[in-house]
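Residues per chain, in single letters:
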Amino acid sequence: MRILLTNDDGIGAEGLQALHDALLPTCEVWVVAPDREQSAASHAITLARPLRIKERRPRWFEVDGTPTDCVYVGVNHLLKAQPPDAVCSGINDGPNLGNDVLYSGTVAAAMESAMLGVPGIALSHAGKDRDFATAARFAPALLAALVANPLPGHALLNVNFPTGAPKRFAITTLGNRTYAAEVVQTQDPRGRSFHWIGGGDAHYEDIPGSDCSAVFVDGAISITPLSLDLTDHRLLDTLRGWKVPGYASK
Ligand code: MN
């Protein structure tokens, strides 16, 4: 099985190396990863400047771009003649639960892969122990399951690991995880003010069946199937009934 590996923590990240080492015995592993941290890069793609791709060692490519850039050049250029069977993104150092998926570069890489027709798997370690061993052990087992049960087109899985070494996984829905909406204003050494956002504690709602509850309450590995369709189907009929003055609803 040919696997394209990427992440958003940068090519030197411990989680990427752990995932690489875990897959190497059973897979042909290609690494195409950002040259620096791109956490919270979301699905950004680089259009306004050229990309530099450096082959650091055989099958290890460093890109001065985003996780999405890495998947794009990996699938459409570097591995064009021999496309990967799946893209694995991670192991991210930190959770990607609930609302996180909309900011995450790790998840966006799997999403880009799904858009290109290659199954994508995002792997994130949500525990505070920074121990990637559980995720590294699970990844090849999950890929074996994927081979036995191919996903339909344009599918991706968002996988999060709790603290410890659980033997259970839960199929979950996206939960609700929010951050303190803080803007910290302070001064640099030259006396100019600057602002820092995205800090503070994250909170989650304990919603049974959600990814947050599986990881933080049940201590299980969470697997959420994600779709690329963001349409809110609940609102379609309501909106069709709207009267917009001067316009007809078709
Ligand atoms: Mn990250």
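Presented here is a report on the structure given in the accompanying data block. (Residues numbered from 1 in each chain as written. Predicted model: local features only at pLDDT ≥ 70, side-chain atom pairs only at ≥ 80, totals over all residues. Heavy atoms only, no water.)

**Quick look at the coordination of the manganese ion**
Piece 1. The manganese ion binds to the protein through Asp 8 (OD), Asp 9 (OD), Ser 39 (OG) and Asn 92 (OD1); the donor distances cover 2.1 to 2.3 Å.
Piece 2. The sequence motif formed by the donor residues of the manganese ion is D-D-x29-S-x52-N. Of this pair, Asp 8 sits in the loop between β1 (2–6) and α1 (14–23) while Asn 92 is found in strand β5 (residues 86–93), placing the two residues 84 residues apart along the sequence. Across the pair, Asn 92 and Asp 8 agree in class, each one buried. (Donors = N, O, S within 2.8 Å, 3.2 Å for Na, K, Ca; no water. Helix = DSSP H or I, 4+ residues; strand = E, 2+ residues; numbered from the N terminus. Buried < 20%, exposed > 50% of the residue type's maximum accessible area, 1.4 Å probe, protein only.)

**Quick word on the nonpolar core**
Piece 1. Counting 31 residues, the largest nonpolar core has Leu 5, Leu 23, Cys 88, Leu 143 and Val 159 as its most contacted members.
Piece 2. The biggest single contributor to this core is helix α4 (residues 133–148), with seven residues.
Piece 3. Beyond its immediate stretch of four places on either side in the chain, Leu 5 contacts Leu 16, Leu 19, His 20, Leu 23, Val 29, Trp 30, Val 31, Val 32 and Cys 88.
Piece 4. Core analysis: the second largest hydrophobic core is formed by 13 residues, Val 63, Leu 79, Val 87 and Ala 109 among them. (Core = buried A, V, L, I, M, F, W, Y, C linked by side-chain atoms within 4.5 Å. Contact = heavy atoms within 4.5 Å.)

**Focus on the pattern of salt bridges**
Piece 1. One pass over the full model with this rule turns up ten salt bridges.
Piece 2. The salt bridge partner of Asp 93 is Arg 130, with a shortest N-O separation of 2.8 Å. Note that Asp 93 is positioned in strand β5 and Arg 130 in the loop between β6 (120–125) and α4, a separation of 37 residues in sequence.
Piece 3. For Asp 93, a relative accessible area of 35% puts it in the partly exposed group.
Piece 4. For Arg 130, a relative accessible area of 40% gives the class partly exposed.
Piece 5. As a salt-bridge pair, Arg 192 and Asp 188 come within 3.1 Å of each other at their nearest N and O atoms.
Piece 6. In this structure Arg 192 comes out as partly exposed when scored by relative accessible area, which is 48%. (Salt bridge = Lys/Arg side-chain N within 4 Å of Asp/Glu carboxyl O.)

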